[in-house]
Amino acid sequence: MIKKLRVGPYGKFEDASFEFASVTVFLGENEAGKTTLFDALVDGLCRPGANIRIGQGLKDRYGPDRVAEIDFDSIPPEPLPSEDFMNVFAVRAGSLGLDIPENSGWMNRVKSGLFSDGIDPAILVQSLDRDTSVRANSPYGKEKKRLSDELAAIRTRLAEAKDRRASSLAEEERVRSLEIAHAGAKEERETLQAETAAMDSRLAQQKAIRELKKAKEASWLASELSATAERLEKTVGFAADRSAEISNLEKEAAAAEVGLAGIDTLLGKARSDADALAGEKAAREGDRQASGRLASVATQLKLALGDKASLVSRRTVTEWNRAALIAAIAVFAAGLAGLALLPPPVSFICLGAGVLGAFVLLMAAKKTREVEDSSALDARIAKAKEEWRARTGETLSTTSFEELLVGLDRAVQKAGEADRAAAIAAEALAKKEAELRSLEADASRARERLEAARGAVSRWLSGFGLSSRDAYVAALQERRSLAAKALDLERRAGDAAAAFGLLGPETLQAECARRIASLEGSIVEAEIPDADLRALENSLRAKRSRLEELDRIEKEYYGDFKGSLAAARTAFRDIPETIARLEREAAETEARLKDLETNLAASNLAKRIFESIATDSTAMLEALSGEIGEAYSGIVAVPSSVGFPAFSAEGATAADASGTPRPGARLSSGTRDAFYLAARLSLAEKTGLRDVPVVLDEPFLAMDSGRIGNAFALIKAFVAKTGWQVVVFTKEAEVADSALAVFPDALLHRLTRSVPKGGA
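What comes next is a walk through the structure. Nothing here was measured: the structure is a model prediction, and the numbers come from that model.

What counts, and where the lines are drawn
Residues numbered from 1 in each chain as written. Predicted model: local features only at pLDDT ≥ 70, side-chain atom pairs only at ≥ 80, totals over all residues. Heavy atoms only, no water. Pairing = 2+ DSSP bridges. Helix = DSSP H or I, 4+ residues; strand = E, 2+ residues; numbered from the N terminus. Axes fitted to C-alpha atoms, helices over the stretch in contact; angles between N-to-C directions. Core = buried A, V, L, I, M, F, W, Y, C linked by side-chain atoms within 4.5 Å. Buried < 20%, exposed > 50% of the residue type's maximum accessible area, 1.4 Å probe, protein only. Contact = heavy atoms within 4.5 Å. Right-handed = clockwise from strand over helix to strand, strands pointing away. Polar contact = N/O pair within 3.5 Å; in protein donor to acceptor, adjacent residues only side chain to side chain. Parallel < 35°, antiparallel > 145°, perpendicular 65-115°, else oblique. Nonpolar A, V, L, I, M, F, W, Y, C, P; charged D, E, K, R; others polar.

### Things to note about the sheet that holds strand β1 (residues 2–7)
Now for step 1: In spatial order, the strands read β2-β1-β4; together these three strands make up an open sheet with antiparallel pairing. Two strands lie at the open edges of the sheet, namely β2 (16–19) and β4 (68–72), each paired on one side alone. Here the average twist between neighbouring strands, direction ignored, is 15°.
Now for step 2: The sheet contact formed by β1 and β2 spans four bridges and is antiparallel. In the strand pairing of β2, Leu5 is matched with Phe18.

### Quick notes on the nonpolar core
Now for step 1: Counting residues in each nonpolar core, the largest one holds 72 residues, and the members touching the most others are Val7, Phe85, Phe700 and Phe712.
Now for step 2: For this core, the element with the most residues is helix α18 (residues 669–687), which contributes eight residues.
Now for step 3: Not counting residues up to four positions away in its chain, the partners in contact with Phe700 are Leu677, Ile708, Ala711, Phe712, Ile715 and Val735.
Now for step 4: Residues Val297, Ile381, Ala384 and Ala411 belong to the second largest nonpolar core, which totals 14 residues.

### Comments concerning the pairing of strand β12 (residues 726–730)
Now for step 1: Extensive coverage of β12 is indicated by the burial of five of its five residues.
Now for step 2: Burial along β12 is two-sided: the residues Val726, Val728 and Thr730 and Val727 and Phe729 are all buried.
Now for step 3: In the sheet, strand β3 (residues 23–27) pairs with β12 via five bridges, with the strands oriented parallel. Of the residues in β12, the one forming a bridge with Thr24 is Val727.
Now for step 4: Where strand β11 (residues 694–697) lies against β12, four bridges are found, and the strand directions are parallel. Bridge assignment links Asp697 to a residue of β12, and that residue is Phe729.
Now for step 5: As for the winding sense of the linkage, the β-α-β connection from β11 through helix α19 (residues 705–722) to β12 is right-handed.

### Here we look at the side chain of Arg210
Now for step 1: Within the fold, Arg210 resides in helix α6 (residues 139–234).
Now for step 2: A distance of 2.9 Å separates polar atoms of two side chains, one belonging to Arg210 and the other to Gln206.
Now for step 3: Among all residues touching Arg210, those that are not within four sequence positions of it are Glu527, Ile528, Pro529, Asp530 and Leu533.

### Structural notes on the packing of helix α8 (residues 322–341) against helix α9 (residues 346–365)
Now for step 1: Look at α8 against α9: their axes get within 7 Å of each other, and the N-to-C directions meet at 170°. In terms of axis orientation, α8 runs roughly antiparallel to α9. Of the residues in α9, those touching α8 at Ala324, Leu325, Ala327, Ala328, Val331, Phe332, Ala334, Gly335, Leu336, Gly338 and Leu339 are Ser347, Phe348, Cys350, Leu351, Ala353, Gly354, Val355, Gly357, Ala358, Leu361, Leu362 and Ala365.
Now for step 2: Split into classes, the residues belonging to the contact of α8 with α9 amount to 18 nonpolar, five polar and no charged.

This is a description of form; function is not addressed.
The following block contains the structure:
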């Protein structure tokens with residue numbers, strides 16, 4: 001258990017120490033140092049390195065020279081992994097959900113503690129993992145490689161044998177086909193020769209037709225080049241591109257327009273904000289006046305109440321013991337009876353004893369005591385409450401003198417707050433009105449800049465006799481198009497002149513006229529489409545290729561094809577038997593390889609079974625759900641069930657106030673915090689760690705006072721059962737009071753915003 005925490009330098013603490021008890025409560029407002037001390041506990045218990053997320057965060061926030069030392073009442077435990085501490089033992093406001101990473105150390109301890117007697121499925125999984133390893137150096141890997149290599153070699157020889165069989169059959173078939181093909185080869189050759197001659201004539205005609213088209217196209221190019229040069233000369237004024245100048249002028253105008261639009265937007269928002277602030281100021285002024293009237297009444301009533309001690313008096317009250325009075329009467333009566341019944345002097349003695357006994361009993365029956373008389377105080381309180389109601393129209397529900405003073409002080413304090421709020425609203429309105437005046441001046445200057453920029457654009461376009469930038473761009477584009485067209489025509493005309501063997505396009509027109517006159521008289525056929533021309537050429541090539549093939553067949557026919565046929569049959573003789581033997585060997589090797597893979601699959605199945613046993617257990621989760629449900633029911637004060645189907649917060653469910661099971665994310669904030677707090681405590685108990693404190697950092701913000709008390713009762717039962725230490729950080733005095741009510745021996749540290757210099 002932690003005895004003391006020493007920090008410094010650590011955040012706001014230069015050198016401070018804090019004692020710890022079984023239950024320790026740190027109470028302080030915001031910025032009092034609660035978060036710093038929480039981080040110091042994490043630092044001291046976990047010692048996270050700077051290479052992990054939490055350690056890097058502590059280093060960035062408090063520096064590498066921070067000091068957080070913890071004294072324990074026994075041998076210090078080993079540092080706890082920071083992720084385990086934050087996931088289980090640190091319950092923080094707004095972070096009560098379960099963050100359970102796979103294979104985390106604390107969750108493995110929970111599972112190990114819940115699984116059956118002494119059976120460690122993880123050891124069986126490790127053994128099976130070795131048997132199912134597919135690495136090259138494992139027994140399975142070596143045997144599989146040997147069988148695979150043997151099967152590949154057999155299949156290679158089998159493929160070679162089948163290739164030889166196919167080659168032999170193909171050769172036999174080829175030799176036979178030579179004899180069949182030779183029969184009609186001569187007749188087919190003569191027909192093909194006639195057809196190729198006719199095709200050559202048609203191709204010559206089509207060539208002449210296309211030469212004529214080229215000549216006419218070249219003549220058109222020469223004419224178009226001359227016309228384009230004339231049009232280009234007329235646009236010489238737009239040869240130089242000055243669009244950058246107009247672009248710059250237009251950019252200045254656009255920038256001025258954008259600037260003006262931005263200022264107008266800011267101006268509109270500022271006016272809207274000013275209207276809103278004026279309304280806010282009026283509302284705050286009304287609140288100030290109303291609160292001032294209440295404060296004036298409260299001050300007068302406080303003066304009228306006076307001092308409580310002067311209104312309370314004390315008086316003496318006499319009380320009689322009824323039993324003693326009855327006994328005195330009985331003794332006196334007995335003395336009188338003796339006087340009447342007994343002879344003297346015995347009768348006188350009996351009477352004297354009766355009188356004396358009655359006197360003693362009367363003295364014993366009489367009791368006196370002093371009591372307080374607060375009737376004047378009560379009357380003063382009632383009068384003050386009635387006067388408050390009559391002057392303000394409100395009713396004070398207080399019953400004691402102190403509560404009445406607190407209520408009146410609260411009215412005075414509220415008036416001060418209303419004064420400050422009204423002053424703040426007035427100051428904000430004044431600032432916004434100054435901003436509005438500045439923006440209006442900026443808008444006026446921006447309009448002047450915009451008009452000047454637009455005038456410069458108009459004057460520039462007028463210099464070219466144009467009315468818009470688009471007209472200038474169109475003129476430039478026309479000039480560029482004509483120049484590009486002239487270059488293209490000149491290039492194409494030059495190519496045409498080169499194709500006709502001319503030095504340049506200057507004489508192209510005359511040469512084209514000569515060629516056109518010569519070709520038009522020699523063409524007797526119509527032009528066919530290019531696709532038909534390509535088909536004609538392809539057909540001609542095919543027929544010529546067929547003629548060459550026929551010549552080859554003729555030569556092969558006269559070769560020794562009979563000897564080739566005999567050689568093919570000899571090579572085929574032993575191939576079928578070889579193929580059958582190799583196929584049997586391949587089948588046997590495949591069966592052995594399949595058996596090896598079957599054994600591996602069986603081992604993998606056993607491995608998955610034991611992995612499932614090692615990572616999950618329905619019975620274990622049901623038992624854990626029952627424990628969490630019992631703890632959760634204690635907090636919400638209603639018997640409720642909990643579903644915890646897996647070691648994950650995502651599937652966890654809890655019953656709401658109506659008894660309906662809902663996922664944790666769909667519960668109300670207070671109910672969800674109660675559920676996750678119960679789950680955290682139940683899981684923490686299963687870890688078996690006893691030297692780690694459970695740290696509660698504002699975990700009750702969404703709970704009402706009843707549930708806070710129930711939560712501390714659950715924590716008390718948890719401490720009684722486990723003996724664990726509990727540390728509470730809170731800014732709520734109610735939470736601290738609840739903790740001290742449940743744990744009277746708890747140690748309370750009150751933190752302030754001032755920086756402690758020494759011990760605490």
